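# Chain and residue survey
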Amino acid sequence: RFMTPEDANVHGNAHGGQLLRFAVDEAGLVAALRHLNQDHTDPRFFNAALATLGRTEFHAPVHIGDIVEAEAEVVFTAKRSLQVDVHLVAESPMTGYRRLTNSATAWFVAIDGSKPKELSILDNIPQLKIADSALANRRRANYLEQVAMRDASGTSQAWLLKEYHTSEWNAFLAHVLVATDCFQNEFAMGGKVIKLMDDIAYLAAFRHCKANCVTASMETIRFEEPLRKGELISLKARPTFASGRSVEVEIIVHGENTKTGEERIAAHGYFVFVGLDDTGRPVSMPAVPGASRAAEVRYLGRKQRRERQKAAAKAADKATP
């Protein structure tokens, strides 16, 4: 994709949410669908829906005028879900300079493509064969860690709705889902929701530090419930913890059927932002008033997981002949 001013902020940097939408809704989904439907003797017709977007790294900025390429690969399959790793590489067409800008992990669930108006999850999907047993074990361990984190989150619908209605938030955004926000089956694109989450998270971070903010990373976003065309979605965001030069922002996505009044929490996640001064250098991030111990523990846990992942990747590189 060629990055235009429509994709960027006032400082000329591409929106993190726009890049993730490209990575997930286009590259990631294509890789998932190709894997699921590779066996033409299987009578089932698979579609896929984004269930979780794992940790996403922003390695380098993308600017207006850059050409961004996406590479997506299915790296692990479970009984009903598959992991797709996506890497974005940006190229400056004027100089030919290329650099890795983003790395993301997305989990898709397989759904019945013969029932486009439903989200009927299918079991026993085509399995990925990994010849290297050590690599297969590492990827299974990553999968089990994701499952454990999901089970330990304690974020039930009732708890999330209570937080949405009763807690204090410093940024709010409302949007009615239209046809261009949805797939052909009228369910909202996961990448569109992520783009809106990034927009509102940026506003919360900016209000906190009063500086230009860029997305540094994104923690796991879990899609709790599907959203449909015509529904009203409301997003709320707030800074939860600051450490040195970064601030964590929590975002919650509320969905409402405008005809019936039925409501639910559709998605929930955390973004990490870095504030920059006018020369592009990181600024000191003010502390978040009343930051909870839970937020600090979450930050430390994220830091430890990142260190473990780096150590595992380094060990894997050494073991590769």
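Scroll up to find the structure this text is about.
Residues numbered from 1 in each chain as written. Predicted model: local features only at pLDDT ≥ 70, side-chain atom pairs only at ≥ 80, totals over all residues. Heavy atoms only, no water.

## Considering helix α3 (residues 157-166)
Three or more residues of α3 are buried, namely L160, L161, E163 and Y164. Along the axis of α3, the buried positions cluster into a sector of 160°, meaning they face one direction only. For α3, the exposed residues set more than 90 degrees away from the buried face come down to A158, K162 and T166. Buried residues belonging to α3 abut β6 (171-176), β9 (232-243), β10 (246-256) and β11 (263-276). (Buried < 20%, exposed > 50% of the residue type's maximum accessible area, 1.4 Å probe, protein only. Helix = DSSP H or I, 4+ residues; strand = E, 2+ residues; numbered from the N terminus. Arc of directions from axis to C-beta. Contact = heavy atoms within 4.5 Å.)

## Topic: unusual backbone geometry
The phi torsion at N124 lies on the positive side, around 55°, for a residue other than glycine. Following the sequence through the fold, N124 ends up in the loop between β5 (98-112) and α2 (133-152). A positive phi angle, near 75°, is found at E186, a position not held by glycine. Within the fold, E186 resides in the loop between β6 and α4 (190-209). Under the relative-accessibility criterion, E186 is labelled partly exposed at 33%.

## Digging into the state of the cysteines
If you walk through the whole model with that rule in mind, you get zero disulfides. Unpaired in this structure, C209 has its nearest cysteine sulfur neighbour in C213, at a distance of 3.4 Å. (Disulfide = S-S within 2.5 Å.)

## Structural notes on the packing of aromatic side chains
Applying the stated criterion across every chain yields a total of five aromatic pairs. Here F271 and F273 contribute two aromatic rings whose centre-to-centre distance is 6.3 Å and whose plane-to-plane angle is 20°, an arrangement assigned as stacked. Three or more aromatic residues joined by ring pairs form one cluster here, namely F76, W107 and Y143. Positioned above the aromatic ring of F22, the side-chain terminus of R1 is 5.9 Å from the ring centre. (Phe/Tyr/Trp six-rings, centres within 6.5 Å; stacked < 30°, edge-to-face > 60°. Lys NZ or Arg CZ within 6 Å of the ring centre and 35° of its normal.)

## Considerations on the environment of T166
With respect to the helices and strands, the residue T166 is situated in helix α3. Polar side-chain contacts of T166 include one of 2.5 Å to the backbone oxygen of K162. (Polar contact = N/O pair within 3.5 Å; in protein donor to acceptor, adjacent residues only side chain to side chain.)

## Things to note about helix α1 (residues 16-36)
Taking 1.5 Å of rise per residue, the 21 residues of α1 would be expected to cover 30 Å, and the 28 Å separating its terminal C-alpha atoms lies within 8% of that figure. The largest bend along α1 measures about 30° and falls at L29. Along α1, 16 of the 21 residues are buried, which leaves the element largely enclosed by surrounding structure. (Expected span 1.5 Å × (residues − 1). Bend = angle between axes of the 7 residues up to and from the residue.)

## With respect to the packing of α1 against α4
Interhelical geometry of α1 versus α4 gives an angle of 165° and a closest axis separation of 8 Å. With respect to α4, the element α1 is oriented roughly antiparallel. When you trace α1 past α4, the crossing you get is right-handed. Of the residues in α4, those in contact with G16, G17, Q18, L20, R21, V24 and D25 of α1 are G190, G191, K192, I194, K195 and D198. (Axes fitted to C-alpha atoms, helices over the stretch in contact; angles between N-to-C directions. Parallel < 35°, antiparallel > 145°, perpendicular 65-115°, else oblique. Left-handed = near helix turned anticlockwise from the far one by under 90°.)

## Focus: the side chain of H268
Along the chain, H268 falls in strand β11. Polar contacts involving the side chain of H268 include one to the side chain of E250, which spans 2.7 Å. Not counting chain neighbours up to four residues away, the residues in contact with H268 comprise T155, L160, M197, T220, I221, R222, E250, I251 and I252.

## Quick notes on the nonpolar core
Of all hydrophobic cores here, the largest spans 64 residues; its most connected members are L53, F108, M197, I251, V253 and F271. Core analysis: the next-biggest nonpolar cluster, separate from the first, contains six residues, L160, Y164, W169 and I252 among them. (Core = buried A, V, L, I, M, F, W, Y, C linked by side-chain atoms within 4.5 Å.)

## Section: the pattern of salt bridges
In the structure shown here, the tally under the stated rule is 16 salt bridges. Here E219 ties to R55 by a salt bridge, and the two come within 2.1 Å at their closest N and O atoms. Here the residue E219 occupies a position in the loop between β7 (212-218) and β8 (221-223), and R55 occupies one in the loop between β1 (46-53) and β2 (56-58), the gap between them amounting to 164 residues. Residue E219 is classed as buried on the basis of its relative accessible area, which comes to 8%. The partner of E231 in a salt bridge is R264, with the nearest N and O atoms 2.8 Å apart. Within this pair, whereas E231 is found in the loop between β8 and β9, its partner R264 is found in strand β11, the two being separated by 33 residues in sequence. For the residue pair E231 and R264, the accessibility class agrees, reading buried in each case. Among the charged side chains, a network of salt bridges with common partners joins R55, E57 and E219. (Salt bridge = Lys/Arg side-chain N within 4 Å of Asp/Glu carboxyl O.)

Any functional reading would require information that these geometric values do not contain.
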